[in-house]
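Below, each chain spelled out in residue letters.
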Amino acid sequence: MASWFRCCKAIALFLLFLWPPLSSSSEAVATVDVHAAKRLVSSGHRYLDVRTVEEFYKGHLENAMNVPYLFFTPQGKEKNPKFVEQVSLVCDKDDHIVVGCLSGVRSLQAAADLLNAGFRHVQNMGGGYAAWVENGFAVKKPQEEL
């Protein structure tokens, strides 16, 4: 399991530095580690999970909101064209929001888009859900079927 998390981290770093649109548009996004994110969420910040619905239902942070940033299609990854609009339905632009995904890559881009759309208090959770789980923090998983 630990090797899977290391693999996710390696992929995230690879994409971060070799995907120019991501690195250039996200320079202003504040990234916090999972320990800081846990403290922020515990103190009232909202947690926005931008993974796909399928990823979200496999496990997520308690009280997380899910608005997918990307969809995985047979043609590849496609950005959710209504992402900001959908977030606006569940969050106000003055809300304090921690954005997370599996590894911190999608959430970094999503946080940049939210800041560009006028959301004022948005932070990215570095390491994502994988780092959250790796640190043994509580998650909500689907109940086992009987």
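For the structure itself, look to the data block above.
So, a few notes on the structure that sits alongside this text. Please read these numbers as outputs of a predicted model, since none were measured by experiment.

Side note on the overall build of the protein chain
Right, on to step 1. The helix and strand inventory of the protein chain stands at seven helices and seven strands.
Right, on to step 2. For the protein chain, the sequential pattern of α-helices and β-strands runs α-α-β-α-β-α-β-β-β-α-β-α-β-α.
Right, on to step 3. Scored against the burial criterion, the 146 residues of the protein chain give a buried share of 42%.
Right, on to step 4. Look at the contacts in the protein chain between residues 6 or more apart in sequence, and 66% of them connect residues 24 or more apart.
Right, on to step 5. Taken as a whole, the protein chain presents about 8,400 Å² of accessible surface, with 57% of it coming from carbon and sulfur.

Regarding the sheet that holds strand β6 (residues 96-100)
As a general point, the strands of a sheet are linked pairwise by backbone hydrogen bonds and lie either parallel or antiparallel.
Right, on to step 1. Taken in spatial order, the five strands make up an open sheet running β1-β7-β6-β2-β3, and their pairing is parallel. The outermost strands of the open sheet, each flanked by one partner alone, are β1 (30-32) and β3 (65-66).
Right, on to step 2. Against the sheet, helix α6 (residues 105-116) makes contact with β1, β2 (46-49), β6 and β7 (121-125), and its axis sits at roughly 170° relative to β7, the strand it touches most.

Calculation criteria
- Residues numbered from 1 in each chain as written.
- Predicted model: local features only at pLDDT ≥ 70, side-chain atom pairs only at ≥ 80, totals over all residues.
- Heavy atoms only, no water.
- Helix = DSSP H or I, 4+ residues; strand = E, 2+ residues; numbered from the N terminus.
- Buried < 20%, exposed > 50% of the residue type's maximum accessible area, 1.4 Å probe, protein only.
- Contact = heavy atoms within 4.5 Å.
- Areas by Shrake-Rupley, 256 points an atom, 1.4 Å probe, with all protein chains shown as cover.
- Pairing = 2+ DSSP bridges.
- Axes fitted to C-alpha atoms, helices over the stretch in contact; angles between N-to-C directions.

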